[in-house]
Amino acid sequence: MSDYIILVKQVPDVSQITDNAFDPETGTLVRARLASVINELDAQALAFARYMKMISGDANARLVALTMGPPMADDVLRYSLARAADQVVLLTDRALGGADTVATANPLAYAIRRITSELLQCGDDYLVVSGMQSVDGDTAQVPAQIAEELKLPCIAYVTGAEYKSNRFEFTRIISGGSQTVAAKKLPAVVTVAKYEYPLFASFAGTRWATKAPMVKWGADDIKAPMIGAKGSKTAVIRVFPPGKSTRKGKQVGDAGELARIIVESFKKGDSHAAAATKKEDGKYLLPQRRTNVFERRWEGTAKEQEDYNLLAKVLKDLNITDPGKIDEAAQEKILAAVGPSFQKKALEDMLAGLKATEPAFHGEVWVVAEHSDGVVHPATFELTGKARELADSLETKVGVCLAGESVSHMAKELIAAGADNVYAIEHELLKEFDPTAYRKAIADAIDKYVPQIVLYAATPQGRMLAPMVSYRTGCGLTADCTGLDIRDSTRKGEIGLLLQTRPALGGNVMATIRTKGSKSQMATARPGVMKRLPADPARKGKIIKHEVELTEDDVRLEIIRTELGHGQVNLHADAIVSGGKGMQSRDNYEKLVGELTSALSRKLGTQVERGASRAAVEQGFIGRIHQVGQTGTSVGPKLYVALGISGAIQHMIGVANTETIVAINSDPNAPIFKQCDYYVIGVVEEVVPKLVAALKV
């Protein structure tokens, strides 16, 4: 009898975010101004666990919902009871507040241990089921880190399950396709990427849920070692609204006008991509390379930069050039000149910080490579280019960690892309990607060589592997970064920190995060955001073989079958036409996308590739190799035409680097209209033929 522990979370209703939801002084989100709801993917995970119980035929299996949060989070547990849960546990304590993913996963894992030993008394016969990620964090790190703490296999991005021969076989999303796997033995952690059969509460179930007993535990009840802000490995240093979109968001009246705009914008190009990558403050320089000891334009926050700029101006006016000669009398003059801008203690910290010149971290800048069928994933080359930029600023080397059965032949291409050293980990048990085996191999290399920065691609594979490696090595991790910069926190005496900027709350908020209490700074970065360097075949580098001990016990999943898209697909084409769920049928997709692709190719004189949203792929309109988005392929063409695509954040992440985005959708409130350059409100079956005709003129 397998029991199920379902992780659920109460989150802000991001669909209701308005400008009023932000504090005008700080730019931070005021959560009290938003209603709280169950995280949608957790609601799907609850329904998925109920489905698993049903198909297993085990009427005695128990479902326990677990959440961590303030006392008001009991609402999400009442929701769970009314729909499927037999029992609920609320982990609540002020000491748990301010936690990052590590300090969330750790207490939840300890709570799971107590649930299985005391409440369920089920031994190892259980599964932990969770939504892939939560809408407020969007990290997908907590379930994988729970798996690492509990030493369990993690089956991520699951979209379906079957019960065969007394075990579950799970279908999951992988880069470029899907895969069916089974855990070799239980327990296991399963994260749900999609399950579209919601549970509804009955009247009787709702009445029972309001009166049912609820187990409440505090920090002392679970005795987890890493809790709250103190147990966290990362810290948010700034939260701010995203910058105003550079997308035009212009509605176009008819197909003829749209055809003219498409042709003109394609021929002249667009400033969107250039604006998004513009650097305003130049390459970072270590303090000893700066011409002026008071040069502090690379501080981590705008306030710190302003304070140091003011200090530099005052010192120049006072003709002070040596910070070591600032005595008590000089400090009084400085304080008199700056007025209320900062107090004496702040000045003392600022002056003391000027003595720090050595970086807070040492070692190489690493990229963990992803590959398939002997081919390096394009995102790895993008990260290698970014690593080259970061390493040059820090005056260190770039390393690429390359694990697999036989991978050394890929090293030459990685060196040409910017790597100095390629750390090749070759073992027959690494032939297929198994998260547990791979994380052991890569963590072992990190522990030996201790790079100061480790970057992973935010692909399905990278977002599963990175949390496990970071937890195993005791390092902080920031997910889905769109910005990586070297900055200082001079007042704290910390130089050369990696500041990691990422969107959260469905893209409604941006956060800048730093690593603390770690030997390495780790981040996953969205594919398509960083730029690959032009290959230099003349570059020289080293291949360093790293030996790792692996046994069959380290391989925790049985891969039953893998289905990858086949055929020649060029999602690096200058123009892409994608169809979504709104295409209604495979025939519609084939006809409309095919006709528009051909018309654009003739008119623009370039290759035009077909793409699709995840929903269209799962409806069977086209193979997964054509899928665009966070769980497909990130693209950056000159022109992207979206037909019947609503514009979910996971899809728009994958097209963010496009120069011109055009959308056609019948829903006037489709989110994509706020994230594109030009759009037509209309039924694709009517608009596309007119657009094709206009392009033939």
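Treat the numbers as computed from the prediction; the structure is a model and nothing was measured.

Novice: It is not clear to me how unusual backbone geometry should be interpreted in this structure. Could you clarify?
Specialist: Negative phi values dominate among residues other than glycine, just as trans dominates among peptide bonds. Pro187 follows Leu186 through a cis peptide bond whose omega is 5 degrees. Tracing the backbone shows Pro187 in the loop between strand S9 (177–183) and strand S10 (188–192). Despite not being glycine, Asn166 has its phi angle at roughly 65 degrees, a positive value. Along the chain, Asn166 falls in the loop between strand S7 (154–164) and strand S8 (167–174). Judged by its relative accessible area of 67%, Asn166 falls in the exposed class.

Novice: Honestly, the packing of helix H4 (residues 142–150) against helix H15 (residues 460–473) in this entry has me stumped. Any pointers?
Specialist: For any two helices packed against each other, the geometry is given by the interaxial angle and the distance between the axes. Contact geometry for H4 and H15: axes closest at 8 Å, N-to-C directions at 45 degrees. As summarised for this structure, H4 and H15 are arranged oblique, according to the angle between their axes. The two elements H4 and H15 cross, and the hand of that crossing is right-handed. Judged by residue contacts, Ala144, Gln145, Glu148 and Glu149 of H4 engage Met464, Pro467, Met468, Ser470, Tyr471 and Arg472 from H15. Residue classes in the contact of H4 with H15 are distributed as five nonpolar, two polar and three charged.

Novice: Just to check I follow, could you spell out the pairing of strand S27 (residues 575–579) for this structure?
Specialist: Taken residue by residue, a regular strand's side chains alternate between the two faces of the sheet. With five of its five residues buried, S27 lies for the most part within the structure. Relative to strand S28 (residues 608–612), S27 runs parallel, the two sharing five bridges. The partner of Ile576 across the bridge, within S28, is Glu609. A crossover connection joins S27 to the parallel S28 through helix H16 (residues 586–604); in handedness this β-α-β unit is right-handed. Judged from the five bridges that link them, S27 and strand S29 (residues 639–643) form a sheet pairing that is parallel. Within the sheet, the bridge partner assigned to Val577 lies in S29 and is Val641.

Novice: So what exactly am I meant to see when it comes to the domain arrangement of the chain here?
Specialist: Domain assignment breaks the chain into domain 1 (3–232), domain 2 (250–276 + 566–696), domain 3 (287–354) and domain 4 (365–556). Distance between the C-alpha centres of domain 2 and domain 3: 52 Å.

Novice: I would appreciate a short explanation of the sheet that holds S7 in the present structure.
Specialist: In any sheet, the strands associate via hydrogen bonds between backbone groups, in a parallel or an antiparallel arrangement. If you trace the ten strands from one edge of the open sheet to the other, you get S11-S5-S4-S1-S6-S10-S7-S8-S9-S26, paired in mixed fashion. In the strand order of this sheet, the two ends are held by strand S11 (215–217) and strand S26 (557–564), each with one partner. Sheet twist, expressed as the mean angle between neighbouring strand axes with direction ignored, is 30 degrees. Of the strand pairs in this sheet, strand S4 (residues 63–68) and strand S5 (residues 87–91) are connected by five bridges, and their pairing is parallel. Its bridge partner being in S5, Ala65 is matched across the sheet by Val88.

Novice: Explain the nonpolar core here, please?
Specialist: For soluble globular proteins, nonpolar side chains are generally found buried alongside one another. One finds Leu66, Ile112, Ile146, Ile442 and Tyr456 to be the most contacted residues of the largest nonpolar core, which totals 67 residues. Shared between two domains, this core holds at least three residues of each, these being domain 1 (3–232) and domain 4 (365–556). In this view, Tyr456 contacts Val368, Leu383, Ile446, Ala466, Val469, Leu477, Met522, Ala523, Thr524 and Ala525; residues no more than four positions away in its chain are not counted. With 40 residues, the next largest nonpolar core counts Ala65, Ile155, Ala183 and Ala209 among its residues.

Conventions used here
Once a new chain begins, its residue numbering starts again from 1 and follows that chain's sequence as written. Since the coordinates come from a predicted model, pLDDT governs what is reported: local features require at least 70, and pairs of side-chain atoms require 80 or more to be given and counted, while whole-chain, interface and lining totals use all residues. Water and hydrogen atoms were dropped before computing side-chain values, which therefore reflect all heavy atoms in the structure. Counting from the N terminus, the helices are DSSP H or I runs at least four residues long and the strands are E runs at least two residues long. Residue exposure (1.4 Å probe, protein chains only): buried if accessible area is under 20% of the type maximum, exposed if over 50%, otherwise partly exposed. Under this scheme, a helix contributes an axis fitted over its contacting stretch, all axes are lines through C-alpha atoms, and angles between N-to-C directions fall in the 0 to 180 degree range. An angle below 35 degrees is treated as roughly parallel, one above 145 as roughly antiparallel, one from 65 to 115 as roughly perpendicular, and anything else as oblique. Two helices cross in a left-handed way if the nearer one is turned anticlockwise from the farther one by less than a right angle. They cross in a right-handed way if the turn is clockwise. The contact criterion used throughout is that any non-hydrogen atoms of two residues lie within 4.5 Å. Under the grouping applied here, Gly and all other residues not named as nonpolar or charged are polar, the nonpolar ones being Ala, Val, Leu, Ile, Met, Phe, Trp, Tyr, Cys and Pro and the charged ones Asp, Glu, Lys and Arg. Strand pairing is defined by DSSP finding a minimum of two bridges between the two strands. Every crossover in which the path from the first strand over the helix to the second runs clockwise, viewed with the strands pointing away from the viewer, is termed right-handed. Domain start and end points were adopted from an automatic or database domain assignment. Residues belong to a common nonpolar core when they are buried Ala, Val, Leu, Ile, Met, Phe, Trp, Tyr or Cys residues joined through side-chain atoms within 4.5 Å.

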